[in-house]
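# Structure assessment
Below, each chain spelled out in residue letters.
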Amino acid sequence: MALSRSPTVEIHSSVTNVGDSPAPIVAYFSSRGPSSVSPDILKPDVSAPGVNILAAWSPKSPPSLLPIDRRSTNWNFESGTSMSCPHVSGIVALLRSAHPNWSPAAIKSALMTTAYTRDTSLDHILAGGTLKPVDPFDIGAGHVCPLSAIDPGLVYDMDGRDYVLFLCSLGYTQPQIKAMVMPSPSIDTRCVDRWTVSDLNYPAIVVSDLRSTVSVSRTLRNVGQAVSVYFLASIVEPEGVRVTVWPRVLVYTHHRNHASFYVTVAPVKRSRGRYGFGEIVWSDGLHSVKSPVIVRVNDVVRHTEVFASSLNQENNDEEDE
């Protein structure tokens, strides 16, 4: 570049080198789940490119950040969540331009339900540092796929009331929530007693403390080009958990673009807080709407408590005799 007065750069079509190394791989420094604030919400949600990303750089800071470095540059290679975030933000901007009427929840749903978990070798994406196959606590619903997210088929949607109930579950008071939604006075800010985070219409199903059979409901909205269509459910059960979906067929028509279903999970093993991972996939032959199912069976504690209670009762009976 220094030898020419008008340097030029030619950008050619990308070439995929197969066999060098599988990609993508979840970086060893990437944050992992489960969520410490709300364990029934999957974290992370998705993954995106974030290692060695060419990005804008302040010329006031040296590229190495070392005090002895006197260089100045407008560009630098960076790694971290701060590099993954703009990738996702750009995809969201594209989705918003393609579907200006979609809510933020619908866009997030499209990103999560169309994310992939297989690498370029068609094997499971690996977790950096351990080289084990990733689970949802490593990668969320998967690695973002912009082209698939443009046409997800179905989306899990939410409105302002859903967010209010979620804030209630985190312990916020009604005055605090009302202050947050002041520009939208039409939103009901009241909290209800029987609502749980599992009732949130979220694209993943997480049961963080399964002691007995639990049922949750979800609603999917048809956003595909076909107005009259039906989707069939397939299930991959987490280890030691029986998963039942009802109904197994979701039917959409000109007069009905929303359909709800129930997911019932039941423990079939004894476990002291061990997580298992599965998924539910709704398919019409063209779209695959995938939702991770994460269940933590924690029924050993209950059996121990029951045993201790019965033992105490026997001791009391002996004392009475």
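Here the structure is a predicted model, which means the values were calculated and not measured.

### Some details on the pairing of strand β8 (residues 214-222)
- Judged from the two bridges that link them, strand β6 (residues 154-155) and β8 form a sheet pairing that is antiparallel. Looking at the pairing, Leu154 lines up with Asn222 of β8.
- Where β8 and strand β12 (residues 258-267) come together, eight bridges link them in antiparallel fashion. Bridging from a neighbouring strand, Leu220 pairs with Ala259 of β12.

### What to know about the sheet that holds strand β10 (residues 241-246)
- Within the open sheet, the four strands sit side by side as β6-β8-β12-β10. Their pairing is antiparallel. Two strands close off the open sheet at either side, each with one partner strand: β6 and β10.

### Overview of the UniProt feature "domain: Subtilisin-like protease fibronectin type-III" (unreviewed entry) in the protein chain
- Under the UniProt annotation, "domain: Subtilisin-like protease fibronectin type-III" (unreviewed entry) lies at residues 199-295.
- Summarising residues 199-295: 0% helix, 65% strand, and an end-to-end C-alpha distance of 15 Å.

### A short note on helix α5 (residues 160-169)
- Here α5 has its buried residues at Asp162, Val164, Leu165, Phe166, Leu167 and Cys168.
- Those residues of α5 hidden inside the fold are in contact with α6 (174-180).
- At the N-terminal end of α5, a side-chain oxygen is found 3.2 Å from the backbone nitrogen of Arg161, two or three residues along, and the residue is Asp159.
- Just beyond α5, the residue with positive phi is Gly171, at close to 100°.

Criteria and cut-off values
Residues numbered from 1 in each chain as written. Predicted model: local features only at pLDDT ≥ 70, side-chain atom pairs only at ≥ 80, totals over all residues. Heavy atoms only, no water. Pairing = 2+ DSSP bridges. Helix = DSSP H or I, 4+ residues; strand = E, 2+ residues; numbered from the N terminus. UniProt positions renumbered as here; feature names shortened; annotations may be inferred. Buried < 20%, exposed > 50% of the residue type's maximum accessible area, 1.4 Å probe, protein only. Contact = heavy atoms within 4.5 Å. Polar contact = N/O pair within 3.5 Å; in protein donor to acceptor, adjacent residues only side chain to side chain.

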